[in-house]
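Single-letter residue listing:
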Amino acid sequence: ATRVPLQYDYPIARLKPDGPIIGCRGTEDRRTDRQIDEVLDGGSVTAVDKTIREETASAGVAQKVVPVPSFPQRSNQELMDQGVSVMIEPALEEMAWEVPNYTQIWATTFIVSVLTGGVGGLIYTSTPTDVYGRTKLTVRMIDVASGREITKTYAGSSQERMAKLSSDRAETRSKMVGQSLSSAMQQFRTDLVSFAGKPAAPGYVR
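Calculation rules
Residues numbered from 1 in each chain as written. Predicted model: local features only at pLDDT ≥ 70, side-chain atom pairs only at ≥ 80, totals over all residues. Heavy atoms only, no water. Helix = DSSP H or I, 4+ residues; strand = E, 2+ residues; numbered from the N terminus. Buried < 20%, exposed > 50% of the residue type's maximum accessible area, 1.4 Å probe, protein only. Contact = heavy atoms within 4.5 Å. Core = buried A, V, L, I, M, F, W, Y, C linked by side-chain atoms within 4.5 Å. Phe/Tyr/Trp six-rings, centres within 6.5 Å; stacked < 30°, edge-to-face > 60°. Lys NZ or Arg CZ within 6 Å of the ring centre and 35° of its normal. Expected span 1.5 Å × (residues − 1). 1 Å grid on protein atoms, 1.4 Å probe; cavity = no way out; pocket = protein on both sides within 12 Å on 5 of 7 lines; lining within 4 Å. Points joined across faces, edges and corners; volume = space filled by probe spheres on them. Nonpolar A, V, L, I, M, F, W, Y, C, P; charged D, E, K, R; others polar.

Some details on the overall build of the protein
Logical step 1: Along the protein, the regular secondary structure elements total 6 helices and 6 strands.
Logical step 2: Ordering the α and β elements of the protein from the N terminus gives β-β-α-β-α-β-α-α-β-β-α-α.
Logical step 3: Sorting the 206 residues of the protein into buried and exposed places 43% on the buried side.
Logical step 4: Considering only contacts within the protein whose residues lie at least 6 apart along the sequence, 82% involve residues at least 24 apart.

Digging into the nonpolar core
Logical step 1: Of all hydrophobic cores here, the largest spans 40 residues; its most connected members are Ile22, Ile88, Met95, Met141, Leu181, Phe188 and Leu192.
Logical step 2: Where this core is concerned, the elements lending two or more residues are strand 1 (21-25), helix 1 (44-58), strand 4 (84-98), strand 5 (128-143), strand 6 (149-163) and helix 6 (170-196).
Logical step 3: The element contributing the most residues to this core is helix 6, with 10 residues.
Logical step 4: Here Ile22 is in contact with Thr56, Val61, Ala62, Lys64, Val65, Val66, Val86, Ile88, Leu192 and Ala196, once residues within four sequence places are set aside.

Brief notes about the packing of aromatic side chains
Logical step 1: Applying the stated criterion to the full structure yields 2 aromatic pairs.
Logical step 2: Aromatic pair Tyr8 and Tyr10: ring centres 4.9 Å apart, planes at 40 degrees, arrangement tilted.
Logical step 3: If you follow Arg173 out to its NZ or CZ, it ends over the ring of Trp97, 3.9 Å from the centre.

Overview of unusual backbone geometry
Logical step 1: In this structure, Pro72 follows Phe71 across a cis peptide bond, with omega equal to -5 degrees.
Logical step 2: Take Pro72: it is sitting in the loop between strand 3 (64-68) and helix 2 (76-81).

Here we look at helix 1
Logical step 1: In this model helix 1 runs 21 Å from its N-terminal to its C-terminal C-alpha over 15 residues, within 8% of the 21 Å that 1.5 Å per residue would give.
Logical step 2: Ser44, Ala47, Val48, Asp49, Thr51, Ile52, Glu55, Thr56, Ala57 and Ser58 are the residues of helix 1 that are buried.
Logical step 3: Buried positions along helix 1 lie against strand 1, strand 3, strand 4, strand 5 and helix 6.
Logical step 4: Directly beyond the C-terminal end of helix 1, a positive phi value near 85 degrees is found at Gly60.

Quick notes on the layout of surface pockets
Logical step 1: The volume enclosed by the largest pocket comes to roughly 220 Å³.
Logical step 2: Taken together, 15 residues line the largest pocket, and the ones lying closest to its centre are Arg25, Gly26, Glu28, Glu89 and Pro90.
Logical step 3: Of all the secondary structure elements, the ones that give two or more residues to the lining of the largest pocket are strand 4 and strand 5.
Logical step 4: Around the second largest pocket, the lining comprises 10 residues; the ones closest to its centre are Asp33, Gln35, Ala96, Trp97 and Arg173.
Logical step 5: Split into classes, the residues belonging to the lining of the second largest pocket amount to 5 nonpolar, 1 polar and 4 charged.

In short, shape yes, function no, at least from these values alone.
Set out below in structure tokens:
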């Protein structure tokens, strides 16, 4: 199968010189449906890890964003010794692309193509259908020194209407889940700013 990068419009980093160092732990994969991994280059978890780090850096609250390995688990004291003040611990609950009646669409395409010598199949697959993307992330934010924390689930979705022929492409799947992840990240950034502190002035860019 063709593999493509996650289609995502990564934001520009906006770091704050006196802000906290924020650690991002590797994403825990809790999904039951991992079909999207068949087309995403590097897999969904790697893509989500990168997205969360980039979005955290763009929120205007962090002095620095550092990846923190999931294993071995580091104690709060070890994190503080490394200068980490806030920890982000994400878990991927869902990341999926969907075309309603997908199996029926392609069964119909096959039958029509056989009956018309392929011409009818091309005409049929040029007609539109709805395409959806869904992403659900649970994120735990921890103030390492005080132990204060919040855990929230962010659900993002996307929808487009396009030709049936285009709806099944790897690029389409990547685009739809990328848009749904972006929707979830908008909610995450708002909570991160509230949790980690006042954002930097707009002019300070890495």
